[in-house]
Every structure is written in C-alpha cells, then in structure tokens.
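Secondary and tertiary structure notes
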Amino acid sequence: MLAPSYQKLKDILSVTIDSKRILTNPLQTLAYGTDASFYRLIPKIVILAHNEAEVIEIIKQAKKLDIALTFRAAGTSLSGQAITDSVLVVATHGWKNFELLEENKKIKLEPGIVGARANTFLAPHGLKIGPDPASIGACMIGGIVANNASGMCCGTAQNSYQTIADIRIVLHDGTVLDTADAKSVDAFKKNQTDLIQEIENLRDQIKSDETLYNQIKNKFKIKNTTGYSINALVDYQDSIEIIKHLMVGSEGTLAFISNVTFKTIIDEKHKSCSLIFFNTIKDACNATILLKSAPVAAVELLDRESIRSVENDDDAPAYFKTLPESACALLVECRDNDVTVLKEKQDAIRLQIQSIPTYTNYEFTSNPKQYYFNWKARKGLLPTVGGLRKNGTTVIIEDVAFPLPQLADACLELKDLFKKYEYHDAVLFGHALEGNLHFVFSQDFSNQAEVDRYEKLMSELAVLVVDRFNGSLKAEHGTGRNMAPFVEKEWGATAYEIMKRIKNIFDPNNKINPDVLINPDPKAHLKNLKPMPESHAIVDKCMECGFCEPHCVSEGLTLSPRQRIVIAREISRLEESHDNPQRLADIRKDVTYQLDETCATDGLCALACPVHIDTGKFVKTWRANELNDSNKKAGAFIGSHMAETTAVMRTGLKMVSFFHSLFGTKIMTTLSNGFHFISFGKVPKWIPEMPKGANKINTKN
C-alpha cells in the first residue's frame, strides 16, 4: 500500500496521465527500477511519461507533495545515478522525435532516442553525433547528455559538453528554458533573476580566485565527470551558456532534459586500424604520448590480461598465446574521406612512433574481417570478464583518467593495487589518448568481508588517482552513487562548496534525483547494493546492462529481457530466503503475462547481449516448468496427434468464419465477448482479423 502522499500523487496524476502508465505493482516497479549499475532501490511509483506536458505536471504535483523525482532514459548508466526509492519518471517511449537543422549542421533529439539510432538519421549525410560510448546501441540521448558520455573516438573534443548547441530543460518548479528559443531565454532571464544572479555570482567568484580558476582549467584538460561540469563557469561568460553546459554531466540532478541539439560531426567513410604490440606498458604509454600529435582517430590500450581474455577467439592470431607477461597493445585507428590521405596518415603514424620498438611488425587494415576482430578484441572486454565471473557476483567497471605523461606509472600502480586486494580477474584497458583507463573486475557483495574488500580498494584508489597522480576519479561514466563520497576528495573543499551551491540553485529542496553526485554520506557507495542471486544457468551471467532492450519486440508492451531476468532473480531470492511471502505472491500474480505469455521467445536479445544470453530460451524453460501434469499431458497428446489437431482447428476456424458471415461483425463481437466472460476467460475472444480455416494441403502430389 502506498503512503498517503504517494497515493495522492498517483490519484492526481491519473486525471491527466493514462493510469496504465502509472505503475505501482511490485513486479513493474522492480523491473523498471533496475538499471545497469550494481545498486538497487525500488521506486514506489514508476511513471512512463510520454511528453513534456506530462513531465511538467509530474514535477509540479510532486513539488506540492514534497516528493522526490528521478528521471531516466535507457538505464544503462553504471554508477547508480538512475535509481530511486521514491518516484521514477521514465522517458523512453514517446520521446523519439528528431529534427535536422541548418543544412544538417545540427540535429535536435528527444531523450528517448538510442544513440546509434541518432547516427542512422545522420548517416546518409556522412555525419554523426560526437559522443560515441561503447553502449551507443542501447543508451539514449537523455543519458548521453546527462552523463557527458564520450567514448573511443570522441575524446574531449567531441563529447556532449563540446558539441551541445542547445538544450530544453524543465526545472524543479516546472519552469521551461529552451536555449534555442530567444523568447524562452528572454522570459527565463526576466522571471528567474535570482537564479541568473546566483550563477553569475559563482562565475565571478571563480574568476576572482586564481587558484580555483587554474584548478578547474587543469582538471578539465583530461577527461573528468567527477561532480558537476564547473568548467562551464570558467569557459563561458553568458549565464545561459553556463546553464546549458552545467546540464551536461549533471546526471539528472538539476533538471529534466526535454531535448538537446548537437552540432553534427563528419563521419569519415574510409577507416583502418592496427593492433600494435609493445614489449611493456611503459613503451605503449610512451607511444601514446607521441601519437597525441599524430593524425589518429583513436588509440585504445589493452593490457596483457585483456589480450589473454580474447586469445581463444577463433579469429585471434596464434601468437596471442605466446606474448610475454609484460606485453601491452595499442589499437590505433585512422580515418579519412580520401583513401590517399588515409594512407598518408598511416605513414605519419608509423613515423611518429618509430623510435619505440614494437613486439611484432604491424599493418593497418581495412579488411572487414580483420578490422572487425581488432575492435571486437577491444569492445569485448567487458562481456569477456562478465561471462567468466562466478555466479552471484556482479561486474564492476570503473573509469579514471590521468595526465598522459603519467599514464605508464599509473597503469603499473593500478595493477599493483588489484594484486594487493586479490582482484585476479581485473583487466585494464581504455582510451589511452585521453589518459582514460577502464578496469573491469567481478565483485561479490553477498557478505561483509567482500564489501569491506571493495571499500578498501575504493579508498586506496581515490588516494592513488587524486593524491598520487592528480587524475580524475570519473572520466566518462558519471559520478553517481559510487563516487559521490569522493567528490570532495578529488576537488577539495572550495570547489565542492561551489558544486553544492549549484545543486541548491537548481534544486533548493533537494528533490531532483537526491543523493546522486552530491551525497554527504561517506559510506553511500557501500549501501543499497544489488543482490545477484542465482536463478537459472541460462541467465545467471546477465549483467543487467540493458543492451538487449532495443532488440526486444515486447519491450514497452510488458517486460524487456533484462527486466524478465530481474524478476526471475527476485523470485528465486524470495523463494530461497522466505523473507517476504506476500511480496513473492504479489510478483507471482503478474508474472505469467509479464514474463511468459508476452515473450516472443525469438532469441533476438541474444544477438545484442554481450554474453549472448537468449532470454527467449530461458522463457521457454520457465514456461515448461510452470506447466502442471494436465497441461503436459495435453501438450504431449497434441504433439503426437498433429494431423488430427490441425484438422479440428481448420474445421473450427471455418465454423467461426461461417457464423461471422451469418451474424455480421457487431453481433459476432458481442457473442464472443459474452462467451469469453461467462467462461472466465477460458474461451478466447474473437476478432475480425481472425483467419478462415484453410483447405487441407495435398501432400501426395
């Protein structure tokens, strides 16, 4: 039962929003409340908002009732920034509009558009959006902007912060600011004078503090998404430009993003890459420093453990298995619209790093098979570790950044840290050109000893990154709940105070995605950890990343593959623990339709899944297990009497068609509904689209 204030919010919103899109039952709130992070909070209400007017109404009514809101698009974020135990507003379906502007130099996108889909709009024009996160096939524009996602090729030059042209936002009181609309801007400046003044005060304070000003300038020379994008306060003078850029990387804690306009980027049609092996990480990092001034589109680092994880791939060269333990690879990419220029770029790259010996000779390739394998080796690292992890553990991927000259030392010290805390499956890779490293490892949160181990790792990691190398604790995955306790550690008291004031300016009552990014609890990263109980061998390796969702035909009608697995896990946990029989009964009450009956079991989800989980196959198993003896006997009888069964069905359909022609559609529909009702749903409803029975196929000719 909902608390009175939540029930009142639901009742009020049901007047203007379809009540079917205001979800409160335990199955749906759990399913929609789960994201790709290793944290879990279950919302009291999930609202599937379809347009800005609905969001404004939700914000205004929630404000009156002092209820916190969290906004979310695809839920592929990794640091716990898209979960809540209050009200979750999901902006996916209904947020698909886009518009090409100024002869394709810009594109306006609503938050529910998948990043890769945005690029399909631009592809015919040889263009793309700047951000290119590895999850671009599943993550949505709202999250890309809210997290300042970057990726393998965009670096710090083409991320959301640098390529944003305009934004339309809804503030905590329902006020709308559209930076592309002069009237909206004028009205905002006229009606929000206190907010504008506060922003200008912060700008002037920073610019009068030389130490703080230089600190901000220096920290954003490398990738940095720890805390708010306070570089906006030094990069821009105009308050609207500052607000626009503060929204990038704000993780939904300042406002709701209705749409964003990106400046488009040229997508060169000719591409080539080379996997270059060096004898040591130090050599690879030194080569990266030289490549910084070379005509490269991407330089990705893969340590020896990373290569080991793909050496059994059918397309992997045999020498992968004989590489020395000290070896390290760089995946170097160059691109151009002119093949001749592309070749010149390859030569320039060779010349640039010729002073550093490589372990083997190397070639650039545009051969689709070789090109694909090289990138598969890089992109497949997360699923490789995820697929190998022990059941019941979760996969953690963190990203940090270091000044490029110190990247080699930082790599070695990170590897020593993993050894110290016995994370033996940890792999180190990342966007070397930006000094941005990812590390992936499996983590068990089922007992206090493992939680303590994680806490110690994170504490020492913060010291290593901040004190030892003056790096970034977050480079592109967002601060979230995982790094919120360390924001002040990285930025210091003065800058952290600026960030707290920013939060207060836009959200004075702390009701917009609270506890994310700014969180006074030093243990926040150790709370609300997601349980990962074993459920079934087919789905136990699921990381809940959400990559499957754009490929699911029933997503939006009922559940996505990720959500089906989440529900199956919760049922397993409740059945094992016996700690909440009523919750188990409530979830089981809805599970047949939501999980089973509406799954197409086509296996499309497995094509996009990083660990190739076929949720359709799992549902078939679930379906079989749910059958009672009577159902199984009926199924076996039908299976062994198909000729007779199809004959009965042909006859039945012909009879139904006959009565339809006799009674007409209106009477037939009435009769069908009546039989359906008095049979308690056992007799299916007839619809006009139902086919006639076909004639028997003569197989003797």
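Calculation notes
Residues numbered from 1 in each chain as written. Predicted model: local features only at pLDDT ≥ 70, side-chain atom pairs only at ≥ 80, totals over all residues. Heavy atoms only, no water. Helix = DSSP H or I, 4+ residues; strand = E, 2+ residues; numbered from the N terminus. Polar contact = N/O pair within 3.5 Å; in protein donor to acceptor, adjacent residues only side chain to side chain. Contact = heavy atoms within 4.5 Å. Buried < 20%, exposed > 50% of the residue type's maximum accessible area, 1.4 Å probe, protein only. UniProt positions renumbered as here; feature names shortened; annotations may be inferred. Core = buried A, V, L, I, M, F, W, Y, C linked by side-chain atoms within 4.5 Å. Axes fitted to C-alpha atoms, helices over the stretch in contact; angles between N-to-C directions. Left-handed = near helix turned anticlockwise from the far one by under 90°. Nonpolar A, V, L, I, M, F, W, Y, C, P; charged D, E, K, R; others polar.

Thoughts on the side chain of Arg72
With respect to the helices and strands, the residue Arg72 is situated in strand 3 (residues 69–72). At 2.5 Å, the side chain of Arg72 forms a polar contact with the backbone oxygen of Tyr32. Residues contacting Arg72, with those up to four places away along its chain left out, are Tyr32, Gly33, Thr34, Asp35, Ala82, Leu88, Val89, Val90, Ala91 and Arg562.

Quick look at the environment of Glu241
One can find Glu241 in helix 11 (residues 239–247). A relative accessible area of 25% places Glu241 in the partly exposed class. In this structure the C-alpha to C-alpha distance between Glu241 and Glu305, which are 64 residues apart in sequence, comes to 44 Å.

Things to note about the environment of Phe547
Relative to the helices and strands, Phe547 is located in the loop between helix 19 (487–506) and helix 20 (561–577). Take Phe547: its relative accessible area is 22%, and that puts it in the partly exposed class. Separated by 323 residues in sequence, Phe547 and Asn224 have C-alpha atoms that sit 25 Å apart. Leave out the neighbours within four places in its chain, and Phe547 touches Ser135, Ala138, Ala608 and Pro610.

Things to note about the UniProt feature "coiled-coil region" (unreviewed entry) in the chain
When the UniProt feature table is mapped to this numbering, "coiled-coil region" (unreviewed entry) covers residues 185–219. Secondary structure across residues 185–219 divides into 94% helix and 0% strand, with the first and last C-alpha atoms of the span separated by 31 Å.

Overview of the nonpolar core
Membership of the largest hydrophobic core comes to 60 residues, with the highest contact counts inside it found for Leu291, Leu330, Val332, Phe402, Leu414, Leu437 and Tyr454. In terms of residues, this core owes the most to one element, helix 18 (residues 448–468), which gives 9 residues. Apart from residues no more than four positions distant in its own chain, Phe402 is found in contact with Ile222, Leu407, Ala410, Leu414, Glu434, Gly435, Leu437, Leu464, Val465, Phe469 and Gly471. Counting residues in each nonpolar core, the second largest holds 58 residues, with Ile129, Phe188, Met247 and Met499 among its members.

So, the packing of helix 12 (residues 281–291) against helix 17 (residues 407–420)
Packing of helix 12 against helix 17 brings their axes to within 8 Å, and their N-to-C directions diverge by 145°. Of the two elements, helix 12 crosses helix 17, and the hand of that crossing is right-handed. Listed contacts from helix 17 to Ile281, Lys282 and Cys285 of helix 12 are Leu407, Ala408, Asp409, Cys411 and Lys415. Here the residues of the contact of helix 12 with helix 17 are counted per class, giving 5 nonpolar, no polar and 3 charged.

Considering the UniProt feature "domain: FAD-binding PCMH-type" (unreviewed entry) in the chain
The sites that UniProt annotates as "domain: FAD-binding PCMH-type" (unreviewed entry) are residues 39–267. Between the end C-alpha atoms of residues 39–267 there is a gap of 36 Å, over a span that is 35% helix and 18% strand.

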